[in-house]
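Structural overview
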Amino acid sequence: MSIIYSYPTVQPTVDDLLIGTDVGEDNATKSFTVQSLVSLINAATGTGTVTSVQIATDAFLSATGGPIIDAGVITMGLAATGTPSASTFLRGDNQWVAPIVSAGITVSNQSIPLTTDVGSFNFIGEGVTVTNVGNDITVSVPLPTSDVTSVLAGTGINVSSGTGNVTVSNTGVVSLVSGGGLTIVEGAGGVNTLTVTGQSQGTVTAFNTGPGLELLSGTSSIDPEIGVRYSGDVTYITIPDAGDPVSTDNFAFQKGTTGVKKGTFETLPISSITAVKTYVDAADSKAVQNDTDVYTSVPTVAKVITLTDGEYIALTTKDASTLYLTTSTAPTTGTVQFTIDEAGITTSAGCPNFTVSTTCSPAFTDAKNLTNVAIGTNYTLTSTITPTNSGCVFTGTNPQVITGTVAAGTAAITQSLTGSIAVPPASPGYATLTNVANKILGLPQGSAYNITQNASQQTGTLGASFTSSTLWNATATIPSNQQDEYYFGTNQASPSYSIAATYSVATSTYKAGPPGQEVSADLDGTLSRKNYPMSYSIDINNISGGTLGTEYDIQLSGSYGNTIMSTPTSGGTIVFAFGSPQSVTATVVPRPGFSANISGTSGTVTIGSGSNVASITLTGAITSTTGTVTLNPNTENITGPAAGYNTYYYSEVIGSGIGPQSYTPGDPVSGTTTQSVKFTATIIKTSTDYTVTSQSFTPTTATAIVAGNTDVAGTLTGNVILSRTAFPIGPTKGSVPQACASSTNNTYYLEKASGNNLPYAEPLDIVYTSVAGTGHPNSGIYKATIGNGTTNAYISIGSNGVVNVADPCI
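We now turn to the structure provided with this report. The structure presented is a predicted model; accordingly, all values stated were derived computationally and were not measured.

**Comments concerning the packing of aromatic side chains**
With the rule as written, the count across this model stands at nine aromatic pairs. With a centroid separation of 6.0 Å and 65° between ring planes, the pair formed by phenylalanine 338 and phenylalanine 364 is classed as edge-to-face. Of this pair, phenylalanine 338 sits in strand S21 (residues 333-346) while phenylalanine 364 sits in the loop between strand S22 (354-361) and strand S23 (369-374), and the two are 26 residues apart along the sequence. Among the aromatic side chains, those forming a connected cluster through ring pairs are Phe466, Trp472, Tyr503 and Tyr510. Directly above the aromatic system of tyrosine 768 lies the positively charged group of arginine 724, at a separation of 3.3 Å from the ring centroid.

Set out below in structure tokens:
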């Protein structure tokens, strides 16, 4: 028997074979296909031979979960957009929307349409009644009972309303009562006369206080008492203009009990201002006067200070305008005597002699001394040693300096000089390149060029001459791998890429050192990036649906600035620096009425890296965003007299924010593809003699705007009849007495003959059994009212409802 685990594992297929036992043939060993087992299992479970199930739907249904091969669940649902609810319905365009019902009724004012889709009517006004018989509505407006239509309130009068039951009341003076000095005499017609009595004669009736004054008692017109204002922010002193007094100015003062006097400031006696005199005298008692000081060499004494001698000496800074008084006569100057000790300077054979030059700051007053110099003066003593013999060199600090401060008395100061003088050992001469000044303009060293030179310090025979450019050869060089990018000078095509140095000392001799002869070099020049021409190329062959310059333009931006292009598109050569990244963006700008869906709008290039052409391939489509809708053809199915009505048409672009506009059938209405156009029409009667019934217009929905023009067929239908008014009438009778004895308990409808306007029956009027129908009552005699509707009468109706007689009942 086969050992299963010794064979490789693979995924079986339906054609693979399996080994088994056939019980129908004595358990014979046979082979079976995998497919036969699958069919056997499906048959046993009732699943048939179907191997998978998938449900295909249209745009209105959705199905998820398929395909099902063995077992699974497929979920189905509506694919409509919107939200289903009790207030929405599934529209034919697969959307859940709220129903929109149009009334189709036009309301006009004096034949001028107010709306073509009325929402509701509300009848108001005194005496107006509304009744209905089924869906037929009757509005009754009573006749006016007077010529007054409204009441307006005048000055001093109030009315409760402008119309209806109006209450008029007085809002002004309701009564006059005489007071003191007044009498009232009533006259005819309600005219009263007021008379002033018992008043003294005069012209002043009142006064007002001015600045600096105030009302002490009474009022401005009754028993006034005024006085000078002494308190507050506005008194008699604060009112005049501000100023500074002078000696001749006056001032007011109280002279004991004899009244107000005046004086001048220059005559004001000091005894009258004792407090000021006491203050000044007290201040002068300790004052020192610096009298007749006309000398300018020394500052005038402003202050005097007494202190001890030690305190005075301790002052580090003294004020030139202060007089210091000390307790003793301490000295103010001192003397310093200098001695220069040269014993510390050693000499050698061949260099026995030297000189010492000594200076002092401040300068010596006599010989090498500072005599009678102000105490505290700082001094600096400087000595310079110079070998006398040629070729001799001093070794040590040179010059040598000591410092100090002048003190009281005499001080002896010794400066001890040190060092040695000898002939220096023989040595070679030196020349040193101390500095290479990089004066190359442009990019810094190392980014585009390198500076090369020989060793900075060179040796040679002492006193021998040399040439600087040969000795160092300082050169700035652009590396070969950057010579396509940079250049020196003004010619970027020049094959020379180096610049030599200019030396401060062109030819000289080696000198003792080091450093010996010092030399510097200047590298002058300008390093620049090379410029290369750039251009662009724009391929528009993959744009469909539009023509450049007609349906769209191209706005070029980036390295070339902003440019609108309306013609095909390549060129625009501009020079840019090597290595600079440049970009060109081509934006398709659709013209009014079109839209664009374009890709591939940008192109970039790095200058010097290749062809330097920014290539752009534009791909996409230009589509129209506008269209028109036309009501064409248009049909009017209107019955009735042509003189009794006019028709008006309107168009509205939904989504434009503009209401319906007057429209002429056959004219196209323009809009965008996001909008739709709705047409409406109405029948307007030419006068109140006519009535429009059964009016309708189709289509009632808006038509979506698409590119191009869409024709819409419209039909306006309606019926125009002469106006009919409801009026009461009795049943038909065989005689006038019978008719007059009956009551008007029926309602018929009256169509007035031309020229008759009363809403009651008159000869030649026509009676109808309905407000809009064609039926007439039977010929006969009927009870009715005539005149203004209050006179009982009978009318005789003939064929076709014509009133032949309308007379009062006797």
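**Concerning a nonpolar patch on the surface**
On the surface, a nonpolar cluster with roughly 470 Å² of combined accessible area is contributed by Val53, Ile55, Leu61, Met76, Leu78 and Leu90. Relative to the helices and strands, leucine 90 resides in strand S5 (residues 89-90). On the accessibility criterion, leucine 90 (34% relative accessible area) is partly exposed.

**Some details on the pairing of strand S59 (residues 803-808)**
Here five bridges tie strand S58 (residues 791-797) to S59, and the two strands are oriented antiparallel to one another. The residue bridging isoleucine 797 from the neighbouring strand is valine 803, located in S59. The hairpin turn running from S58 into S59, its antiparallel successor, is five residues long, and asparagine 800 in that turn takes a positive phi close to 60°.

**Some words on the environment of threonine 384**
Relative to the elements of secondary structure, threonine 384 occurs in strand S24 (residues 378-387). Using a relative accessible area of 29% as the deciding quantity, one classes threonine 384 as partly exposed. When the C-alpha positions of threonine 384 and threonine 359 are compared, they lie 8.8 Å apart, and in sequence the two are 25 residues distant. What threonine 384 contacts, discounting residues up to four positions off in sequence, is Thr355, Val356, Ser357, Asn398 and Pro399.

**Structural notes on the sheet that holds strand S27 (residues 409-422)**
A sheet is described by the order of its strands in space; here four strands give the open sequence S23-S21-S27-S25, paired in mixed fashion. Among the strands making up the open sheet, the edge pair consists of S23 and strand S25 (393-395). Across the sheet, the axes of successive neighbouring strands diverge by a mean angle of 35°, strand direction being ignored. Taken together, the 11 bridges between S21 and S27 define a ladder with parallel strand orientation. Paired with isoleucine 340 across the two strands is glutamine 415, which belongs to S27.

About the criteria used
Residues numbered from 1 in each chain as written. Predicted model: local features only at pLDDT ≥ 70, side-chain atom pairs only at ≥ 80, totals over all residues. Heavy atoms only, no water. Phe/Tyr/Trp six-rings, centres within 6.5 Å; stacked < 30°, edge-to-face > 60°. Helix = DSSP H or I, 4+ residues; strand = E, 2+ residues; numbered from the N terminus. Lys NZ or Arg CZ within 6 Å of the ring centre and 35° of its normal. Patch = residues over 30% accessible without salt bridge, like charges linked within 9 Å, V, L, I, M, F, W, Y side chains within 5 Å. Areas by Shrake-Rupley, 256 points an atom, 1.4 Å probe, with all protein chains shown as cover. Salt bridge = Lys/Arg side-chain N within 4 Å of Asp/Glu carboxyl O. Buried < 20%, exposed > 50% of the residue type's maximum accessible area, 1.4 Å probe, protein only. Pairing = 2+ DSSP bridges. Contact = heavy atoms within 4.5 Å. Axes fitted to C-alpha atoms, helices over the stretch in contact; angles between N-to-C directions.

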